[in-house]
Amino acid sequence: MSGPLRPRTDRGRVLLVLALVAVVTVFTATVPLLRDFFDLRVYYGTVHMWVHHGGRIYDYHVPGTSYGFTYPPFAALTMLPLALLDRTSAIVVSLLVNLAALAAVLRILAGPGWRRHGWFRWALCLCLLALFEPLRDTFSFGQVNLVLLALVLGDCWLLATGRGRWAGAGIGLAAAVKLTPALFIGLLLIAGRRRAAGFATAVAAAATALAAWADPRASHFYWTEALWETGRVGRLDYVSNQSLQGVLARLGETGRPLWATAVLLTLCVWAWRARGAVKAGDWTAAFALTGAAACLVSPITWVHHLVWLLPSFAVLLRAGHPRIAGALYAVLCTSVVWLWFDDASGIGGFLGSNTYTWITLGLLIGLPTGQSRLVRLPLARSLSTTAAAPSPESPAATAGSDQSVPSADFDAAATTGAAGDVCRGRGLARSPSSEPTGSTRPAAPKPQSSSPRASSYTVDPAS
């Protein structure tokens, strides 16, 4: 059933897509693209100093700042190709890699019937995704989380389609690049997939050992010193930190016992809910819950790390809750937490500055699991709120064993066409800054290394 806002001709669809692209382009050109590929500059400078100047991985600082490399040594090893590129080429490669990762994520979440949506629906979907603050920051920072999400979801696809023999490789690689995805190994253990968990652990260990062989000093420094210094990554109370520890730090509670208690309770809720999702054969929901839990328990979860919430929105759409998904998604498009950048005191500051944390916590607690009815993307229908009846040609899927189809398949029947609710976020005008965690204000002191051997290397690496 066509809605009044949906173009009836190809020409009308093309014009609508072009108009939306223009709006999104103006928005992204004036509001969020103030990051100047900062994280990519960290990666690029670190690798160039390491390869071309004989420097140490964790001693490099971006010129004029105190920010440097904070990932495990294997991450630097995977970024060695940057040593062959100039800055412009590195930016192009970063954009292409993130686009490929986004395509892989959408392909997995959309399921085997992704072609049925057609170019028009996917074009609208991409326009909406371009407004999603964590995603647009991932691109404009040159971040790696989208690539890690694609690796992890690859294992989700293997498990959901009964190809679990090789499951675990993606999780293992992701955990070797960044520690947060290691929680997905815990998911495999909860699900009783010991072989996959062992494989993921072996892959992560092998990658870590390879990095230790390539640079023993860097590995020793990271695992004995840098890993335990959260101050190297940034201020815990900084408004971009949307983890549980960020909430506590903004309240002035920096003690480890209270944070450890909050983490333990969160992990208990996650284990209970993820186990239920796996028992229902709902691997996508299980992975979505794990991504949300990882964002909550990590000491620091910058706004751009919240790309791990994308599977949760796919689950909400599949479960027939497009309006809830749209409302939450819209809030995550608004940059609303930055309203409390200067002052997060009072009840308003407590609620507002932690808005993204509340959304993540709500998804962990209330995300539907084990749904037997699959739905299409809201874009698959009109831009209206008219409900459609289930199609007899697309019978409802039944939650089953590991042999079931991916639970994020949107091609079954019964949907509402609330595409307009998916994201009506507004951007808050902000002035440019070099703050690498997403702020558009002047950067706060954030030492990258407490070691006295940190160098003062600040010259630009050779292009």
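Given the structure is predicted, the values throughout are model-derived calculations rather than measurements. (Residues numbered from 1 in each chain as written. Predicted model: local features only at pLDDT ≥ 70, side-chain atom pairs only at ≥ 80, totals over all residues. Heavy atoms only, no water.)

**Q** Please provide a residue-by-residue account of the overall build of the chain, values included.
**A** Secondary structure assignment for the chain yields 18 helices and 2 strands. Counting only residues that meet the buried cut, the chain has 55% of its 463 residues in that class. Restricting to contacts in the chain with at least 6 residues of sequence separation, those with at least 24 account for 79%. For the chain, the accessible area works out to roughly 19,100 Å², and carbon and sulfur atoms hold 65% of it. (Helix = DSSP H or I, 4+ residues; strand = E, 2+ residues; numbered from the N terminus. Buried < 20%, exposed > 50% of the residue type's maximum accessible area, 1.4 Å probe, protein only. Contact = heavy atoms within 4.5 Å. Areas by Shrake-Rupley, 256 points an atom, 1.4 Å probe, with all protein chains shown as cover.)

**Q** Report on helix α13 (residues 256–279), specifying residues and quantitative values.
**A** With 24 residues, α13 extends 34 Å from end C-alpha to end C-alpha; this agrees with the ideal 34 Å at 1.5 Å per step. Turning to α13, its buried residues number three or more, namely W259, V263, T266, W270, R273, A274, A277 and V278. In this structure, the buried side of α13 is in contact with α9 (183–190), α12 (244–250), α14 (283–297) and α18 (355–366). Looking one or two places after α13, you find G281, whose phi comes out positive at around 75°. (Expected span 1.5 Å × (residues − 1).)

**Q** Lay out the environment of V93 in plain terms, naming residues and giving numbers.
**A** If you trace the backbone, V93 turns up in helix α4 (residues 87–110). Classification of V93 by relative accessible area gives partly exposed; the value is 35%. A sequence separation of 11 residues divides V93 from L82, and the C-alpha atoms of the two residues are 9.1 Å apart.

**Q** Any details on the packing of helix α7 (residues 145–160) against helix α8 (residues 169–177)? Residues and values, ideally.
**A** Packing of α7 against α8 brings their axes to within 7 Å, and their N-to-C directions diverge by 155°. Considered as vectors, α7 and α8 are oriented roughly antiparallel to each other. The two elements α7 and α8 meet at a crossing, and its hand is left-handed. Across the interface between the two elements, L148, L151, V152 and D155 of α7 pack against A169, G170, I171, L173, A174 and V177 of α8. For the contact of α7 with α8, the residue count by class is 8 nonpolar, 1 polar and 1 charged. (Axes fitted to C-alpha atoms, helices over the stretch in contact; angles between N-to-C directions. Parallel < 35°, antiparallel > 145°, perpendicular 65-115°, else oblique. Left-handed = near helix turned anticlockwise from the far one by under 90°. Nonpolar A, V, L, I, M, F, W, Y, C, P; charged D, E, K, R; others polar.)

**Q** Mind laying out the nonpolar core, listing which residues take part and the relevant values?
**A** If you look at the biggest cluster of nonpolar residues, it comprises 117 residues, and the most contacted ones within it are Y43, F69, W270 and F287. Counting residues per element, this core draws most heavily on α14, at 11 residues. Not counting residues within four places of it along the chain, the set of residues in contact with W270 comprises L183, G186, L187, I190, L289, T290, A293 and L364. (Core = buried A, V, L, I, M, F, W, Y, C linked by side-chain atoms within 4.5 Å.)

**Q** Pulling in residues and values, what's your account of the pattern of salt bridges?
**A** Overall, the coordinates contain 3 salt bridges when judged by the stated rule. When the shortest N-O distance is used, the salt bridge between R41 and D36 registers 3.2 Å. A salt bridge links D237 to R235; the nearest nitrogen and oxygen atoms lie 3.1 Å apart. The exposure class assigned to D237 is partly exposed, which follows from its relative accessible area of 34%. On the basis of relative accessibility, which here comes to 33%, the residue R235 falls in the partly exposed class. (Salt bridge = Lys/Arg side-chain N within 4 Å of Asp/Glu carboxyl O.)

**Q** Explain the packing of α9 against helix α10 (residues 194–214) to me, and be specific about the residues and the numbers.
**A** Helix packing geometry: the angle between the two helix axes and the distance between the axes. For the pair α9 and α10, interaxial distance at closest approach is 7 Å and the crossing angle is 160°. For the element pair α9 / α10, the angle class is roughly antiparallel. Note that α9 runs across α10; the crossing there is left-handed. Here I185, L188 and L189 of α9 lie close against α10, whose contacting residues are R194, A196, A197, A200 and T201. Looking at the contact of α9 with α10 residue by residue, the classes come out as 6 nonpolar, 1 polar and 1 charged.

**Q** An account of the environment of L149 is needed here, citing residue identities and associated values.
**A** Structurally, L149 is set in helix α7. With residues up to four places along the chain from it excluded, the contact list for L149 reads V105, V307, W308, L310 and P311.

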